[in-house]
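Chain and residue survey
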Amino acid sequence: MMDMRLPLIVFAPFAAAALALIVGRWTGRRTGWLMVLSALTSFSATISLMVSGGGEHQAAAGYAYEWIPGLTIHFNLLADPFGLFFAALVSGIGTLVGVYSLHYIPELPNARVGRYYAALIAFMGAMLGVSLADDLILLFVFWEVTSITSFMLIGFWYEDEKAKKGALTALQVTGLGGLAMMAGFIIVGNVTGTFSISELRESPLLIAKLVTSPLFDAALILVFLGAFTKSAQFPFHFWLPNAMVAPTPVSTYLHSATMVKAGIFLVGRMLPIFSENAMWSPVLITIGLFTFVYTAYQAFSETDLKAILARTTLSTLGLVMFVYGLKAADQDVLQILNHAAYKGTLFLIVGIVEHATHTRDVRELGGLRKRMPITFIIAVLACLSMAGIPPFLGFLAKETLYAQLVYGDTFAGRPDLQWFVIGAAVLANAFIFAVALKIIFGVFCGKETEKAHHAHEAEKGLWVPAACLVAFAVIFGLLGVTHITENVMNGLSSNLNHEVHAHISLIPSHLPPVILTIITISIGILIYQNQNGVERVQNAVKRIIPMAQKVWDEILHGVANAATWYSDRWQSGSLRWYLGGILVFAAGLTLWALYWSGVQLSNVAIDLDDVPWYAICLLVLLAAAGITVAVSRSRLQAAVAVTATGFLTSLIFVVYQSPDILLTQILIETVSTIFVLLILYFMPAWKREPLNPFSKLVNFSIAAAVGFSMFLYVLFATSDKYRTTDNLGSDFLSAALPGAGGENAVNVIIVDFRAGDTSGEITVLVLVAILVYGLLRSRRKGKPATRELTPALDAPEA
C-alpha cells in the first residue's frame, strides 16, 4: 500500500532547503526555523508510522515509484523498524540541532547563513533518504548527497585552511568509498536481477543466487569499503577528527548522530544479504575491534574537546561494527541510541563551553561548575552514560556487550581468542571511562582557570536541546528495570530473526558481565590517575608509528607527482603526438578485441564475382582520393580530397540502393565542407614542419595500423559469418511501423528509438558551433590586422 507519509519524510527537508537558499538572504539567522519546522514534520510523520504499526507490517507501509524501470531502478521507500528508528533519530536530533543553531550561529552575512541552513537541511533530507530507501541505487544517490552536503558544512569556515583541508579530505575518502559501494550494488543487482533491498532480504532464492556467484566476495568487499569510509573505520578513521573544524551544530549532527552512522546503518541493512559470506565475521570483528580499541586509546591523549569526542565517536562506531561481526544485530539500536544520546549532548556542551570561554583546550579549562551549574549537571549525566555507570543507558549497552562476549557462540571452541577479545573490549571501555573523567574533572571541576573566570551560564536555547538529548540516556536507563527498554531496542533493531533477542536489564542477571564492568572501572580510574605517564607513552608511540593522516597526505602527494610527471612527459603540446596516441590506442584496442573474440579471416567468405564494374571503379576513386589527402601540399587540396572521399562514399549507398542514407551522407558532407573552408580561411599561415625519416616511418606505421584495423572491422562486421540481425537492430526494424508509426525505419530509429542520442549529438554540434563562432569573433576583435594576411587556403600543410 502506498503511504504518502514516506515521501513527505524525505522531501519536506529538501523543499525547506531550497526555500532556505532563496529566502536566506533576507531572513538570515531566522532561516533556522525552516530546519526546525521541516525536521519536526519529518519526525512527526516517522513517529506516526511507528505508532500505526508500519514497522511491523512492511508491506502496509511503503512507497513505490518506477523511476528507471528499464534498469529495474525504482524510487521505493520502506518503513521497516530499523529504517524508522534511524529516520526518527535523524529528524529528532535535527530538530534539537535546529533550535541550538538559532542561538549559536554568530552574526554573519544573511546569504552565508542561508547557505549554511540550506546545506544542513539538505543533509538531513539525504540522511532520511538513506534511512528509508528500499532500492540500492536510490540509497547510493542519497548516500552521495550526504557526502556533498557534508563537504559544504565541514568547510563552512572556508577562510581557514584547516577547514578547507578537512572538508576536502572527508569528500575524498567518503567519495571513493561511495564509488566502491556503488560497484558492489551493481554486482548485486546484475547477479540477482533486482536492486530492491526488501526483495533481497526476503527471498532465499535470490540470496542463494548471490551466494553461489563468483562475484559474491567482490561485492561484499566493495560494500564494506563504502561502509568503512563513511563510518571512519580503520584505516580510514583519520578524516573524522579533521572534520571537527565545522561549527559545533554541524559536528553534533554530522559526526555524532547521523552521517558517520550511515556506514553502520548500511552494514545493518546488508546483514541478511551478506552474512552468509565467510568473510563477514572475520573482517567486521577485526576492523571493528581494532577501531574500537585504538581510537579509544587515542582519545585519551587529545587535549581539544572536539578531538576527544571525535576519537570516542570513532571508538563507538568500531564497537557497533564489532557487534555486527558477532552477528548480534539485536543490540545495534541500543548501542546507536546510547551513543547518539550522550555524544550529541557532549558536542552541544562543548559548543556552550567554547562560546563562554573561547577555548576548547582542556588544559585551559577548569572550575566551570560554579559559573555554569546547569551545563555542569547536563555534562555529568552525559559523561556518566558514556562511562557506563548505572542507571544510565550506557550501562545497559556495556553490560549487553559483555554478556554477548561471554555467552555468545561466535568464539565457540576458541577460548583463547574469546578472552583476548574480551580483554580488548574491557581495555577500550576503560579508556572511554578515563576520557569521561577527564572531561568532568578537567573542564568543570578543580581550580578555576583564567578562561573560566569570565564564563557564564548559557541561554536556554543552548542548554535545553542538550538536556533533551541526555534525558534519553537517563529515561531509557531507568526503564531498564522493566521490559520497556528491552522491548523497544529489540523491536527496532535490524535483526530479522525475532526468535533471538538481546537481554537488556538494569538489574544484572549474570555475574561475569558485572565483574568485567568492575574491572573496566578500576582500569579506567588507574589510567586517569596516571594520565601524565600514559600520555608520555602515547606521544612516544606517535613519533614511531606514522599517523594515518600523514600516510594519506603522502599518497595524495605521490598521485600529484605522478600526474605532474605524466603531464610533463606526455602533454607536449604537439597535435601530431596527441592524435598519434589516440589512433594507436584505437587501433590496438580494435585488434585486441578481434583477437580476444576469436574471429578469423579464414571464416570470412570473400567473393568478388558479383561485384559490378562500377563498384570497382568507385573503390579505385576512393583510394585515389585517400592517397591525395595524405600527399596534399596545401590545406585547400587536402580539404577538397577529404570532401571527395565523403561524396564518393555516398555513392556506395547508390550501389546498395539506400537513398535515405545517401541523402543524409550528402547533406553532412556539404555542411562539413562549408565549415572546413570557413575555418581554413581564418587560420593563420603555417609552415610545413620537416620530418626526419624515423618520424615518417612512425606516421606510416600508425596509418597502416589504423587502416588495417578498420579494414578488418568492416570486413568482419559485413560478413555473413559474424553479422547478426541483433547487431543491425532487428527489434527496431520490426517495431518501426507498429511502435512508432513510421515506414522509414532509419528515420524512426534516429528520431524515435534513439532520440536521446540524436538530441545529444545535436546539442554537441550546436555548442561547438557557438564556440567556433565565439573564437572567430574574439580573434577578429583582438587582432584586427589578421584580415591583411593572405588567406590560409593555399598555405603549406603543417
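The present account deals with the structure reproduced in this document.

Describing the packing of aromatic side chains
As enumerated under the stated definition, the model contains 28 aromatic pairs in all. Taking 5.6 Å as the distance between ring centres and 45 degrees as the angle between the ring planes, the aromatic pair formed by Phe224 and Trp280 counts as tilted. Of this pair, Phe224 sits in helix α9 (residues 216–230) while Trp280 sits in helix α13 (residues 280–301), placing them 56 residues apart in sequence. The two residues Phe224 and Trp280 agree in class, both being buried. Ring geometry for Phe376 versus Phe444: centroids 5.7 Å apart, planes at 50 degrees, classification tilted. Here the residue Phe376 occupies a position in helix α17 (residues 373–387), and Phe444 occupies one in helix α19 (residues 415–444), the gap between them amounting to 68 residues.

Notes on the packing of helix α3 (residues 81–104) against helix α15 (residues 332–357)
Relative orientation of the contacting elements α3 and α15 amounts to 5 degrees, with a least axis distance of 12 Å. With respect to each other, α3 and α15 are oriented roughly parallel. Touching Phe82, Phe85, Phe86, Leu89, Ile93, Tyr100 and Tyr104 of α3 are Asp332, Val333, Ile336, Leu337, Ala340, Leu348, Gly351, Ile352 and Glu354, all from α15. Of the residues that constitute the contact of α3 with α15, the class distribution is 13 nonpolar, 1 polar and 2 charged.

Comments concerning the environment of Gly155
One can find Gly155 in the loop between α5 (136–154) and α6 (161–192). Distance in space between the C-alpha atoms of Gly155 and Ala243 is 8.4 Å, their sequence separation being 88 residues.

Structural notes on helix α23 (residues 511–529)
If you check α23, its first and last C-alpha atoms are 27 Å apart, about what 19 residues at 1.5 Å a residue would give, namely 27 Å. Considered for burial, the residues of α23 that qualify are Pro513, Leu516, Thr517, Thr520, Gly524, Ile527 and Tyr528. Along α23, the residues classed as buried sweep out an arc of 105 degrees about the axis, all on the same side. The outward face of α23, more than 90 degrees from its buried face, is lined by the exposed residues Leu511, Ile518 and Gln529. In this fold, the buried residues of α23 make contact with α13, α18 (393–407), α19 and α24 (531–544).

So, the pattern of salt bridges
Under the definition given, this model contains 14 salt bridges. The salt bridge involving Asp80 is made with Arg269; its shortest N-O contact spans 2.7 Å. Of this pair, Asp80 sits in the loop between β2 (77–78) and α3 while Arg269 sits in helix α12 (residues 261–274), and the two are 189 residues apart along the sequence. Pair check on accessibility: Asp80 and Arg269 agree, each one buried. Each of the salt bridges in this network shares a partner with another, and the network as a whole consists of Asp80, Arg201 and Arg269.

A short note on the packing of α6 against helix α8 (residues 204–211)
Relative orientation of the contacting elements α6 and α8 amounts to 115 degrees, with a least axis distance of 9 Å. Classified by the interaxial angle, the pair formed by α6 and α8 is roughly perpendicular. Between α6 and α8 the crossing geometry is right-handed. Of α8, the residues touching α6 (which contributes Val188, Val191 and Thr192) are Leu206, Lys209 and Leu210. Partitioning the contact of α6 with α8 into residue classes produces 4 nonpolar, 1 polar and 1 charged.

What counts and how
Residues numbered from 1 in each chain as written. Predicted model: local features only at pLDDT ≥ 70, side-chain atom pairs only at ≥ 80, totals over all residues. Heavy atoms only, no water. Phe/Tyr/Trp six-rings, centres within 6.5 Å; stacked < 30°, edge-to-face > 60°. Helix = DSSP H or I, 4+ residues; strand = E, 2+ residues; numbered from the N terminus. Buried < 20%, exposed > 50% of the residue type's maximum accessible area, 1.4 Å probe, protein only. Axes fitted to C-alpha atoms, helices over the stretch in contact; angles between N-to-C directions. Parallel < 35°, antiparallel > 145°, perpendicular 65-115°, else oblique. Contact = heavy atoms within 4.5 Å. Nonpolar A, V, L, I, M, F, W, Y, C, P; charged D, E, K, R; others polar. Expected span 1.5 Å × (residues − 1). Arc of directions from axis to C-beta. Salt bridge = Lys/Arg side-chain N within 4 Å of Asp/Glu carboxyl O. Left-handed = near helix turned anticlockwise from the far one by under 90°.

Taken by themselves, the reported measurements are silent on function.
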